[in-house]
Amino acid sequence: MKLRPTIVGILASFLFFAGNVAQAETLNIAFPSGLKELFKYEFSVIELALEHSDADMSLNVTEIDGLSGSRLVEMLKAGETDVIFGGYSPQRNESLLQINIPMTRGMLGHRVFVTHRDNLAAFGRVKTLADLKHFCIGAGSDWPDADIMEQNGFCVDRAPRNRLWEMLENKRFTLLTRAAYEAFRELPELQEKYPDLVLIPDISLVYKFDFFIYVRKGNTQLQELLTTGLERSYASGAFMKNFESEPSLKRALAELSRIPYTFTIQNPILDTTTENIDAKYWHGNLELNTDENRHLCPETENPCPDQEGINMPSIKGSSQSYLIAAKTPTLSIGPSD
């Protein structure tokens with residue numbers, strides 16, 4: 001007896017799906033040696049997605065010496081690893097499948113600046129984006145952040161990631177930008193080697209940007225599995241519990257709330273899908289609305305300066321809420337909570 005074509009197709013699809021599940025009990029990810037502990041939060045997000053999916057899968061991390069971001073992408077394309085994560089870039093988004101939920105709620109785009117202590121006094125006079133753009137910023141050669149800042153009119157000096165701190169210590173450029181949670185996590189140890197490097201206490205920069213999880217093109221089954229897992233982890237509260245319990249993120253949120261000058265810029269490299277990710281997955285308000293900010297400043301109470309892109313802390317008065325640029329206590333670098 002011959003099976004009808006439709007039944008044959010259904011059986012073939014079932015066997016293919018079952019084979020994929022059997023082979024995917026372990027989700028493999030390759031990563032540069034020595035950095036796994038530094039990125040333990042990002043790995044925990046992938047594990048959350050797996051825990052809240054319908055698949056019985058565990059994450060296996062293989063560390064490889066000298067592994068670059070570009071090599072990681074090629075490994076994923078070739079099927080040598082199942083998944084990677086990295087900062088959003090148009091190239092990754094075009095050549096791979098992106099899971100459209102930001103891993104750190106956009107905290108990767110909440111940036112602070114490190115400089116040589118000899119330069120610190122000059123930044124006390126920075127009140128506008130135009131002022132900030134007078135200084136050259138160091139960034140990793142392949143960091144998407146470098147493209148974002150260049151397209152916003154900043155001077156950017158690109159260099160290999162492992163040389164940036166030494167170059168800043170030697171005053172090859174004036175600033176180094178790091179996500180706030182990265183800076184608070186890294187700087188205490190780095191200051192042992194580079195004691196003249198200090199955090200600028202009253203300036204930060206914000207743009208819509210984050211790490212995303214990527215799978216290879218065509219692997220829509222894994223893309224859907226990870227997306228569903230992250231959506232469910234949000235719905236259950238597990239994602240936010242994990243996010244809020246991460247010491248470096250907790251520290252960054254507290255310290256950023258005390259920085260008086262926070263400049264918001266646009267991210268011109270985002271595609272439409274990433275730009276329009278639901279606001280519930282991003283921390284804070286990332287929309288530019290400087291006209292409203294200036295309008296809301298009371299004329300008699302520390303009027304807002306006429307400057308591009310500034311977001312000022314909201315201060316609750318007895319009769320109204322208004323925006324004010326007031327100096328606040330400087331940040332202290334010490335052990336995270």
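Report on the accompanying structure. Fair warning: this is a prediction, and the values are worked out from it, not measured in the lab.

**Let's talk about the sheet that holds strand S3 (residues 84-87)**
In space, the 3 strands of this open sheet follow the order S3-S10-S4, with antiparallel pairing throughout. Only two strands of the sheet have a single neighbouring strand rather than two, namely S3 and strand S4 (96-99). Looking at each pair of strands side by side, their axes are set apart by 40° on average, direction ignored. With 4 bridges connecting them, S4 and strand S10 (residues 211-216) associate as antiparallel partners. Bridging across to S10, Gln98 finds its partner in Tyr214. Here helix H9 (residues 220-236) sits on the sheet in contact with S4 and S10, set at roughly 15° to S4.

**Thoughts on the pattern of salt bridges**
In the structure shown here, the tally under the stated rule is 15 salt bridges. With a closest N to O distance of 3.0 Å, Glu150 and Arg158 form a salt bridge. Arg178 is the partner of Glu186 in a salt bridge, and the nearest nitrogen-oxygen pair spans 2.6 Å. In the salt-bridge network here, residues are joined through shared partners; they are Arg161, Arg178, Glu182 and Glu186.

**Looking at unusual backbone geometry**
The backbone of Arg105 sits at a positive phi, close to 55°, despite the residue not being glycine. As for its placement among the helices and strands, Arg105 is situated in the loop between S4 and strand S5 (110-116). Looking at Arg105, the relative accessible area reads 10%, which means it is buried.

**Description of the state of the cysteines**
Overall, the coordinates contain 1 disulfide when judged by the stated rule. At a sulfur-sulfur separation of 2.0 Å, the disulfide partner of Cys136 is Cys155. Looking down the S-S bond of the Cys136 and Cys155 bridge, the torsion is -65°, so its handedness is left-handed. Note that Cys136 is positioned in strand S6 (residues 136-140) and Cys155 in strand S7 (residues 155-159), a separation of 19 residues in sequence.

**Section: H9**
For H9, spanning 17 residues, the distance from its first C-alpha to its last is 24 Å, which sits close to the expected 24 Å at 1.5 Å a residue. For H9, every residue scored as buried is listed here: Leu222, Gln223, Leu225, Leu226, Thr227, Gly229, Leu230, Ser233 and Tyr234. For H9, the secondary structure elements touched by its buried residues are strand S1 (26-32), helix H2 (40-51), S4, S10 and helix H10 (238-245). Gly237 occupies a position one or two residues after H9 and carries a positive phi of about 90°.

**Overview of the packing of aromatic side chains**
Considering all chains together, one arrives at 12 aromatic pairs under this definition. With a centroid separation of 6.0 Å and an interplanar angle of 75°, the aromatic rings of Phe39 and Phe211 are classed as edge-to-face. One end of the pair, Phe39, is in the loop between S1 and H2; the other, Phe211, is in strand S10, and 172 residues separate them in sequence. Each member of the pair, Phe39 as well as Phe211, carries the same accessibility label: buried. Look at Tyr88 and Phe212: their rings are 6.4 Å apart centre to centre, the planes differ by 75°, and that puts the pair in the edge-to-face class. Note that Tyr88 is positioned in the loop between S3 and helix H4 (90-95) and Phe212 in strand S10, a separation of 124 residues in sequence. Classification of Tyr88 as buried rests on a relative accessible area of 1%.

**Considering the environment of Arg71**
Within the secondary structure, Arg71 is located in helix H3 (residues 69-77). The class of Arg71 is partly exposed, set by a relative accessible area of 38%. Within the structure, the side chain of Arg71 is placed 3.0 Å from the side chain of Glu80, a separation counted as a polar contact.

**Brief notes about the pairing of S10**
Looking along a regular strand, one sees the side chains alternate between the two faces of the sheet. Most of S10 is tucked away: 5 of the 6 residues are buried. Relative to S10, S3 runs antiparallel, the two being bridged by 4 bridges. Within S10, the residue paired with Gly87 across the bridge is Phe211.

**A short note on the environment of Pro260**
Its place among the elements puts Pro260 in the loop between helix H11 (247-256) and strand S11 (261-264). For the pair Pro260 and Lys127, spaced 133 residues apart in sequence, the C-alpha to C-alpha distance is 9.8 Å.

So, how was this worked out
- Residues numbered from 1 in each chain as written.
- Predicted model: local features only at pLDDT ≥ 70, side-chain atom pairs only at ≥ 80, totals over all residues.
- Heavy atoms only, no water.
- Pairing = 2+ DSSP bridges.
- Helix = DSSP H or I, 4+ residues; strand = E, 2+ residues; numbered from the N terminus.
- Axes fitted to C-alpha atoms, helices over the stretch in contact; angles between N-to-C directions.
- Contact = heavy atoms within 4.5 Å.
- Salt bridge = Lys/Arg side-chain N within 4 Å of Asp/Glu carboxyl O.
- Buried < 20%, exposed > 50% of the residue type's maximum accessible area, 1.4 Å probe, protein only.
- Disulfide = S-S within 2.5 Å.
- Expected span 1.5 Å × (residues − 1).
- Phe/Tyr/Trp six-rings, centres within 6.5 Å; stacked < 30°, edge-to-face > 60°.
- Polar contact = N/O pair within 3.5 Å; in protein donor to acceptor, adjacent residues only side chain to side chain.

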